Amino acid sequence: MKIFTVFILFFSSLLQANDIVFLGSPFSVVESEKSCDKYVESGICMDVAFELKYNVYEWYNENPEPEIIEFIGFTHSSGLPKFTSFNFALVHLKKVNDHYLVKDIKPVVELKDEYIICVDKQLPYFSECKNRQSIKSYLDLSN
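Presented here is a report on the structure given in the accompanying data block. (Residues numbered from 1 in each chain as written. Predicted model: local features only at pLDDT ≥ 70, side-chain atom pairs only at ≥ 80, totals over all residues. Heavy atoms only, no water.)

On to the overall build of the protein chain. Looking only at helices and strands, the protein chain features one helix and seven strands. Along the protein chain, helices and strands appear, N-terminal first, in the series β-β-β-β-β-β-β-α. The 143 residues of the protein chain split such that 43% are buried. Considering only intrachain contacts with a sequence separation of at least 6, the fraction spanning at least 24 residues in the protein chain is 57%. (Helix = DSSP H or I, 4+ residues; strand = E, 2+ residues; numbered from the N terminus. Buried < 20%, exposed > 50% of the residue type's maximum accessible area, 1.4 Å probe, protein only. Contact = heavy atoms within 4.5 Å.)

Listed below in structure tokens is the structure:
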């Protein structure tokens, strides 16, 4: 099942001024009453747009606040986007037309005192992930 038509491959390109990256977890997920073409101009539209609120635990670029962030995510199928099931996620958002939109979301687990990211494609269970890195080394390598 595809969640997005366009994924950023990794964080290999430099972050643009309107991009933000943070470690967070879902707080609220509500299907939007607006269609996705209200959020994107490209003509590429998904089946369902979601209004998401996430608790922010750590910022990884120039944006030290707020503690809760609201943004828009999309899915090609019915039901909630798979990424909303991640307890922790590395979230990369892009600002488009006064809304933050999902650019990429990677599952994260907390092991001992470190957050570990699955750099493989989105998998239903973190235990299936074969390519793991600390968030810090993942972001350092991608810049």
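Following the structure, the description resumes.
One recurring pattern in soluble globular proteins is that nonpolar side chains are buried together. Among the nonpolar cores identified, the biggest contains 17 residues, and F22, Y54, I69, F71, V91, L93 and I105 are the most heavily contacted of them. Only β1 (19-31), β2 (48-59), β3 (68-75), β4 (88-96) and β5 (99-111) provide two or more residues apiece to this core. The element that contributes the greatest number of residues to this core is β2, accounting for six residues. Residues V21, L90, I117 and L139 belong to the second largest nonpolar core, which totals nine residues. (Core = buried A, V, L, I, M, F, W, Y, C linked by side-chain atoms within 4.5 Å.)

Bringing the pairing of β4 into the picture now. Inspection of the sheet shows β1 paired to β4 by six bridges, in the antiparallel sense. Looking at the pairing, G24 lines up with A89 of β4. Linking two consecutive strands that pair antiparallel, namely β4 and β5, is a turn of two residues; a positive phi of about 50° is found at N97 within it. (Pairing = 2+ DSSP bridges.)

Note that K53 resides in strand β2. We classify K53 as partly exposed; its relative accessible area is 31%. In the structure, K53 is positioned 23 residues away from V30 in sequence and 8.9 Å away in space, judged by C-alpha atoms. Those residues within four positions of K53 in sequence are excluded, and the remaining contacts are S25, P26, F27, S28, I68, I69 and E70.

On to the side chain of H92. Checked against the element boundaries, H92 lands in strand β4. Of the polar contacts made by the side chain of H92, one reaches the side chain of D19; its length is 3.1 Å. (Polar contact = N/O pair within 3.5 Å; in protein donor to acceptor, adjacent residues only side chain to side chain.)

This next bit is on the side chain of S32. Of note, S32 is situated in the loop between β1 and β2. Here the side chain of S32 touches E51 through a polar contact of 3.1 Å, side chain to side chain.

Our next topic: the environment of Y138. Locating Y138 in the fold gives a position in helix α1 (residues 135-142). Overall, Y138 belongs to the buried group, its relative accessible area being 4%. Considering only alpha carbons, one finds Y138 and I117, 21 residues apart in sequence, at a separation of 7.8 Å.

The next thing to look at is the pairing of β2. Sheet topology note: the β1/β2 ladder contains nine bridges and is antiparallel. Across the sheet, residue S25 finds its bridge partner in β2, namely N55. Examined bridge by bridge, β2 and β3 share eight bridges and lie antiparallel to one another. Within β3, the residue paired with Y54 across the bridge is I69.

As a further point, take the pattern of salt bridges. Summed over the entire model, instances satisfying the criterion amount to two salt bridges. Here D19 and K103 are joined by a salt bridge, their closest N and O atoms 2.9 Å apart. With D19 in strand β1 and K103 in strand β5, this pair connects stretches of sequence that are 84 residues apart. A salt bridge links K106 to D104; its shortest N-O distance comes to 4.0 Å. (Salt bridge = Lys/Arg side-chain N within 4 Å of Asp/Glu carboxyl O.)

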